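Summary of the model geometry
One-letter residues, chain by chain:
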Amino acid sequence: MAEYLASIFGTEKDKVNCSFYFKIGACRHGDRCSRLHNKPTFSQTIVLLNLYRNPQNTAQTADGSHCHVSDVEVQEHYDNFFEEVFTELQEKYGEIEEMNVCDNLGDHLVGNVYVKFRREEDAERAVAELNNRWFNGQAVHAELSPVTDFRESCCRQYEMGECTRGGFCNFMHLRPISRNLRRQLYGRRPRRRSPPRSHMGHHPRERHRRHFPDHRHGRF
Ligand SMILES: [Zn+2]
Ligand SMILES: [Zn+2]
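Residues numbered from 1 in each chain as written. Chains lettered and ligands numbered in written order. Predicted model: local features only at pLDDT ≥ 70, side-chain atom pairs only at ≥ 80, totals over all residues. Heavy atoms only, no water.

Quick look at the overall build of the protein now. On a plain count of helices and strands, the protein comes out with nine helices and six strands. Looking at the protein as a whole, 43% of its 220 residues are labelled buried. In the protein, the proportion of contacts linking residues at least 24 apart, taken out of those at least 6 apart, comes to 62%. (Helix = DSSP H or I, 4+ residues; strand = E, 2+ residues; numbered from the N terminus. Buried < 20%, exposed > 50% of the residue type's maximum accessible area, 1.4 Å probe, protein only. Contact = heavy atoms within 4.5 Å.)

A few words now on the coordination of the zinc ion (ligand 1). The reference angle at a metal is 109.5 degrees if four donors form a tetrahedron and 90 or 180 degrees if six donors form an octahedron. At the metal site, the zinc ion (ligand 1) is ligated by Cys-18 (SG), Cys-27 (SG), Cys-33 (SG) and His-37 (NE2), and these contacts range over 2.1 to 2.4 Å. The sequence pattern formed by the donor residues of the zinc ion (ligand 1) is C-x8-C-x5-C-x3-H. We classify Cys-33 as buried; its relative accessible area is 15%. (Donors = N, O, S within 2.8 Å, 3.2 Å for Na, K, Ca; no water.)

Counting 31 residues, the largest nonpolar core has Ile-46, Phe-82 and Met-99 as the members making the most contacts within it. Among the elements of the structure, strand E1 (45–48), helix H4 (71–93), strand E2 (96–101), strand E3 (113–117), helix H5 (120–130), strand E6 (142–144) and helix H8 (179–186) are those that each provide at least two residues to this core. By residue number, the principal contributor to this core is H4, which donates eight residues. If we ignore the near neighbours within four places in the chain, the residues touching Met-99 are Phe-82, Val-85, Phe-86, Val-113, Tyr-114, Val-115 and Tyr-186. (Core = buried A, V, L, I, M, F, W, Y, C linked by side-chain atoms within 4.5 Å.)

A few words on the UniProt feature "domain: C3H1-type" (unreviewed entry) in the protein. The positions that UniProt labels "domain: C3H1-type" (unreviewed entry) are, in the present scheme, residues 12–40 and 149–176. Helix makes up 29% of residues 149–176 and strand 0%. Its end C-alpha atoms lie 17 Å apart. (UniProt positions renumbered as here; feature names shortened; annotations may be inferred.)

This next bit is on the pairing of E1. The alternating pattern of E1 places Thr-45 and Val-47 and Ile-46 and Leu-48 on opposite faces, both of which are buried. With four bridges joining them, E1 and E3 adopt antiparallel strand pairing. Bridged to Thr-45 within E3 is Lys-116. With three bridges connecting them, E1 and E6 associate as antiparallel partners. Residue pairing across strands places Val-47 opposite Glu-143, the latter belonging to E6. (Pairing = 2+ DSSP bridges.)

Below, the discussion takes up the coordination of the zinc ion (ligand 2). Here the zinc ion (ligand 2) is held by the protein donor atoms Cys-155 (SG), Cys-163 (SG), Cys-169 (SG) and His-173 (NE2), which lie 2.1 to 2.4 Å from it. Geometry at the zinc ion (ligand 2) is tetrahedral, judged from the four donor atoms that bind it and their angles of 101 to 116° at the metal. Positions of the donor residues of the zinc ion (ligand 2), expressed as sequence spacing, correspond to C-x7-C-x5-C-x3-H. Note that Cys-155 is positioned in the loop between helix H6 (150–153) and helix H7 (156–159) and His-173 in the loop between H7 and H8, a separation of 18 residues in sequence. Taking relative accessible area as the criterion, Cys-155 reaches 2% and is therefore assigned buried. (Tetrahedral: all angles 85-135°; square planar, octahedral: opposite > 155°, others 65-115°.)

A separate point is the environment of Asp-107. With respect to the secondary-structure elements, Asp-107 resides in the loop between E2 and E3. Taking the C-alpha atoms as reference, Asp-107 lies 9.7 Å from Leu-49; in sequence the two are 58 residues apart.

Overall, the coordinates contain eight aromatic pairs when judged by the stated rule. Centre to centre, the rings of Tyr-52 and Tyr-78 are 5.0 Å apart; their planes meet at 70°, and the pair counts as edge-to-face. Taken as a pair, Tyr-52 in the loop between E1 and helix H3 (55–58) and Tyr-78 in helix H4 lie far apart in primary sequence, 26 residues in all. Overall, the relative accessible area of 3% leaves Tyr-52 in the buried class. For Tyr-78, a relative accessible area of 0% corresponds to the buried category. Centroid distance Phe-86 to Tyr-186: 5.4 Å. Interplanar angle 80°. Geometry classified as edge-to-face. With a gap of 100 residues between them, Phe-86 in helix H4 and Tyr-186 in helix H8 connect regions that are remote in the sequence. (Phe/Tyr/Trp six-rings, centres within 6.5 Å; stacked < 30°, edge-to-face > 60°.)

The following block contains the structure:
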């Protein structure tokens, strides 16, 4: 019996533990879920809830009409956001193995940022400190997340560009960063060769400042 329970733990057959919380670290029923959300007491992964704001979802003029934000602008805004958060967290708390951002629209997933540190102690310290911080004018909500394998939690159809559930899908729609930024952030790992700086073009920080003059409010 115990073996059976262990084998179904966190799967859809498990009537006690919520499979969505277990795999994705967030479930649309939140605290009202009929199954258990087993919050981890230690984990390499933290989640910063609703941190990323996609300007295509939030851009509205004063009269309520939507203003147009091009895909290129959104990608640039996203890359800047990703780089800022990644760099700052890695400098403050320790090496990051991977960071992923949800582009879903459902309240429990929208803008969630998952950061998997190499060491559990770093994740623990990050959660404790980040909950006292503000980002872009809102209080940061950080918690330890049960997610460790993002292949289990992400939507495969989305990656192939064919998820029919759109933004309200309950699996992670992980927004990709541009190839250059990926190389810049993950490329300088010891196991790989770091790219020569001259190939990186103009420094992204400068771009950032020009586009976000009120950026000083945005820092952690
Ligand atoms: Zn649940
Ligand atoms: Zn999907």
